[in-house]
Amino acid sequence: MKAVFLRDIADIQTGPFGSQLHQEDYVVAGTPIVTVEHLGKRRFTTQNLPMVSDADKQRLQKYILHKGDIVFSRVGSVDRCSFVEREHDGWMFSGRCLRVRPLEMVDSEYLYYYFCGEETKQFVRNIAVGATMPSINTKLLGEVPIALPDMETQKKIAAIVSSIDHKIEINEEINDNLEQQAAAMFHDLFVVHADPSWSEGTISDLGTVVGGSTPSKAKPEYYTDHGIAWITPKDLSADKSKFVSHGADDITELGLRNSSASIMPRGTVLFSSRAPIGYIAIADGEVTTNQGFKSVIPHDNIGTAFVYYFLKAALPTIEGMASGSTFKEISGSAMRTVPAIIPDDDTLRRFKSFCDPLFQQQRTLEMQNRELAEIRDALLPRLMAGEIDVSSITL
C-alpha cells in the first residue's frame, strides 16, 4: 500500500467567492447549491437548500458537482464532508465549501471513507488555521496523506463499508415513512376532525412538566460512563434519534442527590427549552436532563404519542411564549400554561393503538442503526490500515 498526498490524486476546488455569487442571487426554483449547513453523514441534508438560476449555473459551471465528488466544510468543522450521490449530480457548492474530485486511479467511495476515519479527521483538524473559526484551503487539504492500495482493494473496502451505510439509509427511510404516517394520523384526528366539544386546557392537563439540573462539573465523582442517564440539548443535536436512552455523560447517584435533577420514566417526552427551543425526543428508559429542558411526563390517559406530536405542533406557540435577551428560553411556569385541547379518552386510545406498533418498529430500527454504526466505525480503521484481508471478497 503506497502513501500519497491528496493533491496528487484529486482535483481540489474552492467554491465561488462572495463577489461571484451573492445571497440576493438565490432564486425560488433552480439548481440547489450546497452550503456547510447541508453536509450530513455521507449524504447532503436537503432542508432550506438555496437555489441558483440557470444563468448563474452556466456562468459558474466550474462549481458544478458530479457523482463521486466529495464536498468539505472550508470553515468551522473542517473535518465534515459528504459524498455526491447520483441524484445530486449537477448541483453546485458554495464558497464556504471545498470540492474534491478524485482522479482515475482512485475509487471515490474509498477516498470518502478514508476521510471518515477518526485518524484522518484529526489530521485535518490539526492542519486547520485559526483558533476561533478553524479554516482550511486547497493547499492545506492537499497536504493530507492518503494510504492508497490497488484499485481492486479500494473498491472492496468501499463496498464493505457502503453496504453498512446503505442498510442504515434504508432503515432511516422506513422510519421517516412511519413518522409521516403517525403525524398524518395526529393531524387527521386532532386537527381536521377535532371535536368542538373537547375541553380547553394547558400542557399541565396533558402531563407533568419537569425541569432539569446540572450536577457540579467541579465534582468528577458526580459523573460516570455507566450510571444514571443524563441528557443535554447537545446530545439531541448530535443524535437525531426519536428514542433516547443515554447522552454523552451519565451522572452518579451522588450527583443526582446533590442536584435538583429528577429521574423521569420511560415514555417521558423530552423538550429542549433553550439553546435551542424545540429538540424533541422520547425517553427510552429512566433519564434525567440538564436545565435546558422542560420535559413532559404524560398522564396515563393521554399517552406519550399524543404529547410528542402535540409538542411538535405547538412549537411555534411555545417559541412565541419564550423570553430572554441573550437567548430565548421557555420557563417552567410558562411551559405549564401553553394552551392545549384535551381530546376524549376514546380518541386518545385510538391514536395510541395506531402509534404503538409504529413506535416499536421505529425504536427497533434506531437500535439496529446504532449497532450497525458501531460495527462500521470499528471496521473502518482496520480496513484502511490493511489489517483485514479483503482479497477473497468477490464483488
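As a reminder, the structure under discussion sits directly above these lines.
Criteria and thresholds
- Residues numbered from 1 in each chain as written.
- Predicted model: local features only at pLDDT ≥ 70, side-chain atom pairs only at ≥ 80, totals over all residues.
- Heavy atoms only, no water.
- Axes fitted to C-alpha atoms, helices over the stretch in contact; angles between N-to-C directions.
- Helix = DSSP H or I, 4+ residues; strand = E, 2+ residues; numbered from the N terminus.
- Parallel < 35°, antiparallel > 145°, perpendicular 65-115°, else oblique.
- Contact = heavy atoms within 4.5 Å.
- Nonpolar A, V, L, I, M, F, W, Y, C, P; charged D, E, K, R; others polar.
- Phe/Tyr/Trp six-rings, centres within 6.5 Å; stacked < 30°, edge-to-face > 60°.
- Buried < 20%, exposed > 50% of the residue type's maximum accessible area, 1.4 Å probe, protein only.
- Lys NZ or Arg CZ within 6 Å of the ring centre and 35° of its normal.
- Left-handed = near helix turned anticlockwise from the far one by under 90°.
- Polar contact = N/O pair within 3.5 Å; in protein donor to acceptor, adjacent residues only side chain to side chain.

Novice: Even after reading the chapter, I still don't get the packing of helix α3 (residues 108-116) against helix α4 (residues 118-127), so can you show me in this structure?
Specialist: When two helices pack together, their arrangement is given by the angle between the helix axes and by the axis-to-axis distance. Running from N to C, α3 and α4 cross one another at 70°; their axes reach a closest spacing of 5 Å. One way to sum up the angle between α3 and α4 is to call them roughly perpendicular. Listed contacts from α4 to Y114, F115 and C116 of α3 are E118, T120, K121 and V124. When its residues are assigned to classes, the contact of α3 with α4 shows 4 nonpolar, 1 polar and 2 charged.

Novice: How should the packing of aromatic side chains be read in this particular structure?
Specialist: Across all of its chains, the model carries 20 aromatic pairs by this definition. Between F44 and W91, the ring centres sit 6.1 Å apart and the planes meet at 15°, which makes this aromatic pair stacked. One end of the pair, F44, is in the loop between β3 (31-34) and β4 (51-52); the other, W91, is in the loop between β6 (81-83) and β7 (92-93), with 47 residues separating them in the sequence. Geometrically, the ring pair formed by F72 and F115 is edge-to-face, given 4.8 Å between the ring centres and 80° between the ring planes. Of the two residues, F72 sits in strand β5 (residues 70-73) while F115 sits in helix α3, which places them 43 residues apart along the sequence. The two residues F72 and F115 agree in class, both being buried. One cation-aromatic arrangement involves R7 over F5; the distance from NZ or CZ to the ring centre is 4.4 Å.

Novice: I would appreciate a short explanation of the side chain of T289 in the present structure.
Specialist: Residue position: T289 is located in strand β18 (residues 288-289). Non-local contacts of T289, meaning those with residues more than four positions away in its chain, are made with G211, G212, S213, W230, I231, A261, M264, L270 and S295.

Novice: Where do I start with the packing of α3 against helix α6 (residues 151-192) in this structure?
Specialist: Between α3 and α6, whose axes approach to 8 Å, the crossing angle comes to 65°. The orientation of α3 with respect to α6, classified from their angle, is roughly perpendicular. When you trace α3 past α6, the crossing you get is left-handed. On α6, the residues that touch E109, Y110 and Y113 of α3 are Q154, I157, A158, V161, S162 and D165. Here the residues of the contact of α3 with α6 are counted per class, giving 5 nonpolar, 2 polar and 2 charged.

Novice: Explain α3 here, please?
Specialist: Within α3, 7 of the 9 residues are buried, which leaves the element mostly enclosed by the surrounding structure. Those residues of α3 that sit buried are S108, Y110, L111, Y112, Y113, Y114 and F115. At the N-terminal end of α3, a side-chain oxygen is found 3.3 Å from the backbone nitrogen of E109, two or three residues along, and the residue is D107.

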